[in-house]
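Commentary on secondary and tertiary structure
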Amino acid sequence: EAIRALRLGLRYGDGSLQHSVVMVTSCLPGEGKSTTAVNLAQYAASTGERVLLIDGDLRHPVLTKQCAPDVELGLVDVLAGRGKLADISLRDGRSGLFFLPAIGKKAPPQTAELLGSSAMKDVISRLRPDFDLVVIDSSPMLPVVDTRMLAEHVDEVVVVVEWEKTSRDALRSAFRKIPEIHRKVAGLALNNVDLKDLRNYAYYDSDAYLRNNPAYQQLAG
């Protein structure tokens, strides 16, 4: 239900995007961004949308290792001119979801430069007409600059935060590090929520919840 709400929010948030390219990120590793990206892409595909999931975390390509561990080529090779999108993209026969792996056998040394390149911009431009939704699992924001480079090319950003783990200071630091991301953030996706604990906050009263959990107060404070 949460993923359904996330997809509907992205689709109807401003009512203007016909083909949406969404980057999913987090402040730090281990907060659930890759799982959220997969779930969002799979849900959208299950509703009949034409969806492409891209592993854009070139330094730590978790999705590639899980979904296509034996691939020889990936996004890196497309950007370097060593492969074509049509040949490298994989399709799940059951869900219809398309997947673009990050790398083949070895990560490149200059990942940020590749993601911020005109080649990456061109790849996304070519994908827009072919898909209803493109979901990119990116690197976390704080450890590396890759996400800042990739953010230039996407329409919307979903920031995954983990229940009672992601701190307000981490969020503020991430947003200060990537100021350009502010206008593209579609929202925060709260991961690993303890629903029993959540019910204690005035029956989902957001004001009451924020008073009791300052870590999730607005970042402008």
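For the structure, see preceding data.
**Some points on the overall build of the chain**
- Helices and strands together make up the secondary structure of the chain, namely 11 helices and seven strands.
- Counting every position in the chain, which comprises 221 residues, the buried fraction comes to 48%.
- Within the chain, counting contacts between residues at least 6 apart in sequence, those at least 24 apart form 81% of the total.
- A total of about 11300 Å² of accessible surface is found on the chain, and carbon and sulfur atoms cover 50% of it.

**Here we look at the nonpolar core**
- Leu52, Ile54, Leu127, Val134 and Ile136 are the most contacted members of the largest nonpolar core, which totals 38 residues.
- Beyond its immediate stretch of four places on either side in the chain, Ile54 contacts Leu75, Leu100, Leu127, Val134, Val135, Ile136 and Asp137.
- Formed by 23 residues, the second largest nonpolar core is a distinct cluster that contains Ile3, Leu10, Ala37 and Val160.

**Notes on the packing of aromatic side chains**
- Per the counting criterion, the structure on display carries one aromatic pair.
- Taken together, a centroid distance of 5.5 Å and an interplanar angle of 75° make the contact between Phe98 and Phe131 edge-to-face. With Phe98 in strand S4 (residues 98-100) and Phe131 in the loop between helix H7 (118-127) and strand S5 (133-137), the pair connects residues that are 33 residues apart, well separated along the chain. Phe131 carries the same exposure label as Phe98, and that label is buried.
- One residue, Arg50, lies across the ring of Phe131, its end atom 5.1 Å from the ring centre.

Cut-off values and rules
- Residues numbered from 1 in each chain as written.
- Predicted model: local features only at pLDDT ≥ 70, side-chain atom pairs only at ≥ 80, totals over all residues.
- Heavy atoms only, no water.
- Helix = DSSP H or I, 4+ residues; strand = E, 2+ residues; numbered from the N terminus.
- Buried < 20%, exposed > 50% of the residue type's maximum accessible area, 1.4 Å probe, protein only.
- Contact = heavy atoms within 4.5 Å.
- Areas by Shrake-Rupley, 256 points an atom, 1.4 Å probe, with all protein chains shown as cover.
- Core = buried A, V, L, I, M, F, W, Y, C linked by side-chain atoms within 4.5 Å.
- Phe/Tyr/Trp six-rings, centres within 6.5 Å; stacked < 30°, edge-to-face > 60°.
- Lys NZ or Arg CZ within 6 Å of the ring centre and 35° of its normal.

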